[in-house]
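In case you want the letters, here they are:
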Amino acid sequence: MSHTDPALSRDVSASETPLRTTFRIKLNGQTASIGTVGQAFRFITSLNAIEWMEFRALHEEALRSLQHAADNAMLTVQATNALRTLFVRAKLL
């Protein structure tokens, strides 16, 4: 996982910027709804880095996209697409 400024991570995780869709993900028998940049950022950073190892490049792209979308809501389309690609490849959708 890429190294990020802890203050930037807090800002991204608190972002209420809506994504272009709400993802409903089943993980360990629980369903999570992810509809904002902050929710998505918290979800993909809360799992162990080893769990994302197979999808490292997609994971890092999704993180970057979410960071940019937290700063500029016009970039939520790219962030949504990066998340969709990551979730589909990881078989979470």
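Everything below is about the structure shown above.
This write-up is about the structure you can find in this document. If you're wondering where the values come from, they're calculated on a predicted model, not measured in any experiment.

Right, let's get into the packing of aromatic side chains. Enumeration according to the criterion identifies two aromatic pairs in this entry. Judged by centre distance (5.3 Å) and plane angle (85 degrees), the ring pair of Phe23 and Phe87 falls under edge-to-face. Pair noted here: Phe23 is in strand S1 (residues 18-27) and Phe87 is in helix H5 (residues 76-89), with a separation of 64 residues, a long-range link. For the pair Phe43 and Phe87, a centre-to-centre distance of 5.9 Å together with 85 degrees between the ring planes defines the contact as edge-to-face. With Phe43 in helix H2 (residues 37-46) and Phe87 in helix H5, this pair connects stretches of sequence that are 44 residues apart. A residue is classified by how much of its surface remains accessible, and Phe87, at 0% relative accessible area, is buried. Aromatic rings pair up to connect Phe23, Phe43 and Phe87 into one cluster.

Tracing the backbone shows Gln67 in helix H4 (residues 56-71). Taking the relative accessible area as the measure of exposure, Gln67 reaches 12% and is therefore buried. Distance in space between the C-alpha atoms of Gln67 and Gly38 is 9.3 Å, their sequence separation being 29 residues.

At a closest axis distance of 10 Å, the pairing of H2 and H4 adopts a crossing angle of 150 degrees. Here H4 runs roughly antiparallel to H2, going by the angle between their axes. Crossing angle aside, the handedness with which H2 passes H4 is left-handed. Across the interface between the two elements, Val37, Ala40, Phe41, Ile44 and Thr45 from H2 touch His59, Ala62, Leu63, Leu66, Gln67, Ala69 and Ala70 from H4. Residue classes in the contact of H2 with H4 are distributed as nine nonpolar, three polar and no charged.

Here is what the cut-offs are and how they apply
- Residues numbered from 1 in each chain as written.
- Predicted model: local features only at pLDDT ≥ 70, side-chain atom pairs only at ≥ 80, totals over all residues.
- Heavy atoms only, no water.
- Phe/Tyr/Trp six-rings, centres within 6.5 Å; stacked < 30°, edge-to-face > 60°.
- Helix = DSSP H or I, 4+ residues; strand = E, 2+ residues; numbered from the N terminus.
- Buried < 20%, exposed > 50% of the residue type's maximum accessible area, 1.4 Å probe, protein only.
- Axes fitted to C-alpha atoms, helices over the stretch in contact; angles between N-to-C directions.
- Parallel < 35°, antiparallel > 145°, perpendicular 65-115°, else oblique.
- Left-handed = near helix turned anticlockwise from the far one by under 90°.
- Contact = heavy atoms within 4.5 Å.
- Nonpolar A, V, L, I, M, F, W, Y, C, P; charged D, E, K, R; others polar.

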